[in-house]
Amino acid sequence: MSDRASPLVVAVDGPAASGKGTISRRIAGRFQLAYLDTGLLYRAVGAKMLEAGLPLNDQEAAARMARGLEQPDFHRQDLRLPATARAASIIAQIPQVRQALLEYQRWFARNPLGGMRGAVLDGRDIGTVICPDATVKLFITASPEERARRRCAELAQGGNPADYATVLSDVIARDKRDRERASAPLRQADDAHLLDTTNLAIDEAVAKAAEILEPYLR
Ligand code: DC
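Residues numbered from 1 in each chain as written. Predicted model: local features only at pLDDT ≥ 70, side-chain atom pairs only at ≥ 80, totals over all residues. Heavy atoms only, no water.

(A) Layout of the pattern of salt bridges. All told, the structure shown has 16 salt bridges when counted by the stated rule. Residue D122 is joined to K20 by a salt bridge in which the shortest nitrogen-to-oxygen separation is 3.6 Å. With D122 in strand β3 (residues 118–123) and K20 in helix α1 (residues 20–30), this pair connects stretches of sequence that are 102 residues apart. Take D122 and K20: they sit in the same class, and that class is buried. Note that E146 and R149 form a salt bridge whose closest N and O atoms lie 2.8 Å from each other. One end of the pair, E146, and the other, R149, are both in helix α7 (residues 144–157), 3 residues apart, so they sit about a helical turn from each other. (Salt bridge = Lys/Arg side-chain N within 4 Å of Asp/Glu carboxyl O. Helix = DSSP H or I, 4+ residues; strand = E, 2+ residues; numbered from the N terminus. Buried < 20%, exposed > 50% of the residue type's maximum accessible area, 1.4 Å probe, protein only.)

(B) Region of the structure containing helix α2 (residues 39–52). Compared with the 20 Å implied by 1.5 Å per residue over 14 residues, the 20 Å span of α2 between its first and last C-alpha is a close match. Every buried residue belonging to α2 is among L41, Y42, R43, A44, V45, G46, A47, K48 and M49, and all of these are buried. For α2, the elements touching its buried residues are β2 (34–37), α3 (59–67), α4 (82–91), α5 (95–110) and α8 (164–180). With its phi angle positive at about 70 degrees, G53 sits one or two positions after the end of α2. (Expected span 1.5 Å × (residues − 1). Contact = heavy atoms within 4.5 Å.)

(C) Spatial organisation of the packing of α2 against α3. Across the interface, α2 lies against α3 with an axial gap of 9 Å and an inter-helix angle of 125 degrees. Judged by the angle between their axes, α2 and α3 are oblique. Seen from above, α2 lies across α3 with right-handed handedness. Between α2, through V45, K48, M49 and A52, and α3, the contact on the second element is made entirely by A61, A62, M65 and A66. Residue composition of the contact of α2 with α3, grouped by class: 7 nonpolar, no polar and 1 charged. (Axes fitted to C-alpha atoms, helices over the stretch in contact; angles between N-to-C directions. Parallel < 35°, antiparallel > 145°, perpendicular 65-115°, else oblique. Left-handed = near helix turned anticlockwise from the far one by under 90°. Nonpolar A, V, L, I, M, F, W, Y, C, P; charged D, E, K, R; others polar.)

Next comes the structure, spelled out in structure tokens:
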């Protein structure tokens, strides 16, 4: 099979508010790739658990929610709330939840929507677990302080101003859970390119990412 016969896959991983979402979306547009924000899958499960009033450590219930996700679940208004992000990071520790979401992510990578040339998936374990054979892998990071500053700006813009110290401790707690969990923890794949966006404006970060990816996506 020639290279062209198999779709291109760009695996993007990194911690919360590293810029990976915006970078991935813009890279997808530039290189004609479909885009999947895999965090939304975990956020949808977290939101449904909160809505149902179920404890976040109920593994059976969370796995059932993950298996039963439907399209409208990805358009909920509460997916971007800090409480949902926290719930997502807690249910993401449950191996049966990760297992339930794995096939869909791999299917998306193999079957790019709308005749696109391939797909960009962003998350925590794309380069290590979901698509270990990706065409190219990026690990995007930034200091916790800078990420908390960005998250505060985002929240303020969305009309939900938040206290910097609280956001910073949320960011640090979420990093710790995502990095230290037993099942598919956040880590840089050995063959991933590292992009630190701490001192980059978003346009500069996108340009850097495009420069790294370009040779692989011609
Ligand atoms: O990228 P995000 O902030 O939307 O992700 C929300 C949470 O979902 C994150 O804290 C951990 C979990 N997640 C994961 O475990 N694996 C992924 N591929 C994507 C997200």
